Structure formats: structure tokens, C-alpha cells
Amino acid sequence: MTIRLLPTTTVNRIAAGEVVERPASAIKELVENSIDAHARRVDIVLRDGGRSFLSVADDGIGITREELPLSMERHATSKLLNDNLETIATFGFRGEALPSIASVSRLTITSRQKQAADAWTLRVEGGTKFETKPAAHVTGTTVEVRDLFYATPARLKFLKTARTELNHVLDTVRRLAMAHPEIAFSLRDGERQVLKLSHAQGDMIDARLDRLDAIMGNDFAANAIPIEADRDGLFLSGFAGLPTLNRGSPTHQYLFVNGRPVRDKLLYGAVRGAYRDFLAHDRHPLIALFLDVPPEAVDINVHPAKTEVRFRDAGLVRGLIVSALKHALAAAGHRASTTVADAALGAFRPEIGGVPVSVHRATPISRNVSGPALSFQAPVAQTADLSRLDTAPTARFEPELVTARDDPAESFPLGVARAQVHETYIVAQTEDGIVIVDQHAAHERLVYEEMKAAMEQDGIKRQGLLIPEVVELEEVAANRISGRATELSELGLMVEAFGPGAIVVRETPALLGEVDIQGLIKDLADDLAEYDEALDLKSRLAEVASTMACHGSVRAGRRLNGKEMNALLRQMEVTPHAGQCNHGRPTYVALKLVDIEKLFGRR
Ligand code: ADP
Ligand code: MG
């Protein structure tokens, strides 16, 4: 065995294996170099999603003739001024990106330094440098990369379709652009302009909102809560979407540490933790969070692509994020995202902007509607759900509600109840429209919030049953319930074993009202079968509360009188997070009169 030093090109290709995974990672390195060079604009061009060609042009400080060849040397950097890895303020510092990319592709770098009279260009193919030559170029730098991975066929095979690669590039550029609203960005793939962002104007906050709006869309800007919090020198800012504006994947969560886009598990985990009470586990909020910490509080040198970081005090970071988000969400009160109403209206309309909308199960008519001759000429008839028109009407109007004119009427945010329909929905009139409340979803949320608050204070109030109720179960199920008796009593439910295969219930949580005890105990037994033995019920409070609320007196299908309905509305208004149920579904939909008028062609 002989030990030898590897040739430079081989070393660089090994590094390329870590740093450059696909076109998007090359773009990331090149754009970061442009940002480090104080560029004010960055223009990116791709062909085939970057597979055959990619280039990044900037108007930054440029590179001198002498330094061009040096920039292609491994571990050559202009950025690590005092050799101090503890206080890195630039994206780059390892001097690895350019030599890595150049070792696996055909690369040309052309640059004109700020004070220089001429521009120079250098070509590198598969790691072999050519001669530096004069060129034509304005101040700034352009790097062109052809045939990425031609020199490493194994890696080439892992590239996906041009479309997929383009999407990765787009995501990368978006993330970098969000952190730098002061820089204009453009991205073209072949003939197609994929992204165009002009310099955002105004101070940092305005500029950032401008940029987020351009990237994440108006829905986000309209339904996000500003975040601002600091703790022990850490500063958190940005915007958090309302829980009802959620997605099936976390791709719309943008997290930054000191202006650097990261995909850090700790940070994602903190976001998940903060939203846990408001979203089903497979739904994800939209969010853009910027964490600024002193350079020495974070190590960014733990991942080749620097997308993961290590915090000196991870607990502090997590605590800051969770508490800032929770406070912001609580302050949003009962607000539900406006997209909910848009989706509802969309379901009534035939289509919006040419795209068919089918958000709320707008089923086409599948059978003839019986009864008096109904003729629908309006486009509404094509998509609205009419399948129930021939069933008996179940709307109940409380006479005293409809006629009472002395109520403070529409001054309540959620209005005054006018009717209950299908024994499930409360229809309320507000100052400028109507609100439809899903009574069950709303009640579920109220029960949960009340239980949470009560647990923190003096415990959940119980109400004794006149006659204790016996529930028969399978023996394992009964044991599961009696095994958790202490915990259940803390949640307001007093149970005892009652011989093999039976449970006796003596007290129930007062906030549930009248309870269907048989159903509740059976469902709780099912829940417990699913829960981890080690996990205490308090940490599953949302689920327990949901189950309990299901069997309380306001479940779907229960008649409510006017007083009860209004009480529910008033309680929603003062309960934090009342805009969504425990799974992130909205508890109410608000329709503005102007929108209703549009539906009827009055506007
Ligand atoms: P690093 O960014 O870690 O320093 P790179 O290999 O990415 O390493 O770049 C090497 C050097 O080339 C940088 O330190 C910088 O001096 C110079 N350089 C690269 N890209 C640019 C650019 N777009 N504008 C000006 N200088 C650049
Ligand atoms: Mg770099």
C-alpha cells in the first residue's frame, strides 16, 4: 500500500460531490457569490432547467485579471478576512464552489473589476484551466456553466427532468431573493421568463413585505401576521400565515438565519410545535421567518451546502420561535383566513379567471330536481350543489331572533344569530354580510381552549351525575380507561373500574354540558388504544378535547335555541384561535354583502 496525495482535479470533484448536487446547487453557490460581491441585480439564464447550460450575471464588485485564476483554486477566498470562522458575515468562506463546479463542467468566468479599464475571461474544462484572455463586459461578473457533470457521468445520471431541475432552481432563487429585497432578480429558462423581481423600495420592513408579496402571493400578505420578538440578543421577525391558510406540504415555509436560507430541523420543528394546536399533522402553515443572531451564537459550518446550522443555545432559539408564533396567533383571535370565504364563493361561481374552481365539493347536478318547476339559467346552476333541494327544509328560524330590533345587532364581529340550518350551521348577520358557523367545529375549539386555560389555573370543573352511569366495554378497553383514571379526573372525567369489562362514570367536565356518556367512553377507549402508553393525556389534550366535544351538547345535529347560538358566537369572539378547529379547518365562513351581491349579478 502506498499513500499518495490525490491530484487537484480529483480533490475538487470529491468536493463537488458534496457541494454541487444539481443545477440548483450550482445556482445557489453562484448567486451567493453575487450577493457577497454587493450586486444590485442578478440575472440567471438556464437551458433545459440548467442541465445543458446555466449562467449567473451580476453587477457586483468584479474580479481583477490576476485574481481570476486564483478564484478557481481550491481554498482560495477573499472572504475570510481574519481567518476567524466564528464571525462569518458572508455566504462564502470556504473557497470551494468555483473550483468544484469547474471540475465537473465546462465553465467560463468573465469579469470586470470596479476600477479596472478592461474585462477578462477564463475558461476551465473538467478542472483544466485555459489562458486568461481579454473580453467585453460591464462592471461585474458572469459565470457560464455548460454540460454540468459531463466529467462525472455517475452524477449526471441522477439529474431529473428539465422541469424538475427548473423547479429546484426556482425554489433556490426565491429563497435567496426573499432575504435580499434590495437586489433585483430575473430567471429565464430558454425563452421563458420564469421570475422577475425588481428592487423592492422603502425601509427594510416594507421592502421585505413587498418582496414576500411578489414571491408568496397576495393571499399570504393578506392572511399573515407580522412577527417581531427578541430574547437575549436573538431577534426574530417575519410573517406567519393564519392556520386556516395551510398546505399539504411544508414547501412554503421559508426560514432564514442571518439572511441565509436554511432548512434546519430545529427551526421546522419549532414552527410545527407552535402550530400543533391548530393544524392536523399533515397540514402545514405558510411562513417566512428571519432569525438574526450574533455570529458567534451560531455555527454555519456544519453542512457542505450550509443549509443546516447549529445553535449554541438551541433551547433558546426554539423557545423564542414557539412563543413568538403562539403569541401572534393568539393575538389574531378568532380571525380565519379570507381565503376560506374566497373558496366558498369560488364554489358557487362557474369559474374564476378561466380556471375551474372546485374547492368546496361543487358537485354538478346528477339528477332532476323534483317539485315546482325550477329553472336555473344563471351559471350558478352548473356547479352549485343542488342535490339536497328536494329534501325537506330543516332551517329553523327563531322568531324572536328575526324580529328583535333592539339587540346591539351587527356590532359583534361574528354578528347575531338569525337561524340554525340542518342542525349543524348557525347563520348570523353581521354589519356588512353574513357569517356561517360550523357549530360542531367551533364548539370543539372552545372546549379545547377552555380546557387548556382551566388546566393552567385551578383545574377543570366537574359536574356530578345524579345517577352514575355504567358503560360496558371489552375488558382491554375497560382496563385502558381505568388505567388512566387519575389523568382523566384531571380532565374533568371521574371514572372507576366496575368489575371486569365495565366502567362507572360519576362526574363529567362541566363545560361539555349534557354528555352522551356511552359514546364518549367508547371513543376515549379507542383513542387510548392509539396513544402511546408513555404519553400523558395532557400532551394529547387537543385530541381528548375533540373527542369530548363530539359528545358534548353542541355537536352537529343538535338543535340550539337563539340564546345558545348567540352564546356560542360571543364565546368564539373572545376565545383565542377560535377561527379554526383543532385540525386547522375553519370554524366559520364570512361572506361580505358585496360578494353576495356579485353572486346575484347586482354589482
Ligand atoms: P467563496 O465564496 O467561499 O470565497 P468561491 O469558490 O465561491 O469561494 O469563490 C472564490 C472567490 O472568487 C471568492 O472569494 C471571490 O473573491 C471571487 N468571486 C466569486 N464569484 C464572484 C462574483 N460573482 N463577484 C466577485 N467575486 C467573485
Ligand atoms: Mg462562494
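How each quantity is defined
Residues numbered from 1 in each chain as written. Chains lettered and ligands numbered in written order. Predicted model: local features only at pLDDT ≥ 70, side-chain atom pairs only at ≥ 80, totals over all residues. Heavy atoms only, no water. Near = heavy atom within 4 Å. Polar contact = N/O pair within 3.5 Å; in protein donor to acceptor, adjacent residues only side chain to side chain. Helix = DSSP H or I, 4+ residues; strand = E, 2+ residues; numbered from the N terminus. Expected span 1.5 Å × (residues − 1). Buried < 20%, exposed > 50% of the residue type's maximum accessible area, 1.4 Å probe, protein only. Axes fitted to C-alpha atoms, helices over the stretch in contact; angles between N-to-C directions. Parallel < 35°, antiparallel > 145°, perpendicular 65-115°, else oblique. Left-handed = near helix turned anticlockwise from the far one by under 90°. Contact = heavy atoms within 4.5 Å. Nonpolar A, V, L, I, M, F, W, Y, C, P; charged D, E, K, R; others polar. Salt bridge = Lys/Arg side-chain N within 4 Å of Asp/Glu carboxyl O. Pairing = 2+ DSSP bridges.

### Observations concerning the site of ligand 1
(1) Moving on: Around ligand 1 there are 20 residues in total, and Asn33, Thr77, Ser78, Lys79 and Gly95 lie nearest to it.
(2) Moving on: Between a nitrogen atom of ligand 1 and a side-chain N or O atom of Asp58, the distance comes to 2.9 Å.
(3) Moving on: The side chain of Thr77 places a nitrogen or oxygen atom 2.6 Å from an oxygen atom of ligand 1.
(4) Moving on: At the level of elements, α2 (23–36) and α4 (97–103) are the ones that each hand at least two residues to the shell around ligand 1.

### Some points on α2
(1) Moving on: The terminal C-alpha atoms of α2 lie 20 Å apart, and with 14 residues this matches the ideal 20 Å at 1.5 Å per residue to within 8%.
(2) Moving on: Burial within α2 is extensive, with 13 of its 14 residues counted as buried.
(3) Moving on: Count one or two residues on from α2 and you reach His38, which has phi positive near 60°.

### A look at the packing of helix α6 (residues 162–179) against helix α7 (residues 204–216)
(1) Moving on: Close contact between α6 and α7 brings their axes to 9 Å; oriented N to C, the two are set at 165°. Our classification of the angle between α6 and α7 gives roughly antiparallel. The element α6 and its partner α7 pack so that their crossing is left-handed. Contacts from Arg174, Ala177 and Met178 of α6 reach α7 at Arg211, Leu212, Ile215 and Met216.
(2) Moving on: Here the residues of the contact of α6 with α7 sort into 5 nonpolar, no polar and 2 charged.

### Things to note about the pattern of salt bridges
(1) Moving on: For the structure shown, the criterion picks out 21 salt bridges.
(2) Moving on: A salt bridge links Lys129 to Glu73; the shortest N-O distance between them is 2.6 Å. Taken as a pair, Lys129 in strand β5 (residues 128–129) and Glu73 in the loop between α3 (67–71) and α4 lie far apart in primary sequence, 56 residues in all.
(3) Moving on: The class of Glu73 is partly exposed, set by a relative accessible area of 33%.
(4) Moving on: Through salt bridges with shared partners, one network takes in Arg106, Arg123, Glu125 and Asp147.

### Considering the pairing of strand β11 (residues 234–241)
(1) Moving on: Of all the 8 residues making up β11, 7 are buried; the element is thus mostly covered by neighbouring parts of the structure.
(2) Moving on: Alignment of β11 against strand β16 (residues 287–292), held across 6 bridges, turns out to be antiparallel. By the bridge assignment for β16, Phe239 is matched with Ala288.

### Remarks on the sheet that holds strand β25 (residues 462–472)
(1) Moving on: Spatially, 3 strands are ordered β25-β27-β26 in an open sheet, and the strand pairing comes out antiparallel. Since the sheet does not close on itself, it has two edges, and those belong to β25 and β26 (494–497), each with one partner. Across the sheet, the mean angle from the axis of one strand to that of its neighbour is 15°, orientation sign disregarded.
(2) Moving on: Where β25 meets strand β27 (residues 502–509), 7 bridges bridge the pair, whose relative direction is antiparallel. Across the sheet, residue Val471 finds its bridge partner in β27, namely Ile503.
(3) Moving on: Running at roughly 40° to β27, helix α15 (residues 475–483) makes contact with β26 and β27 of the sheet.

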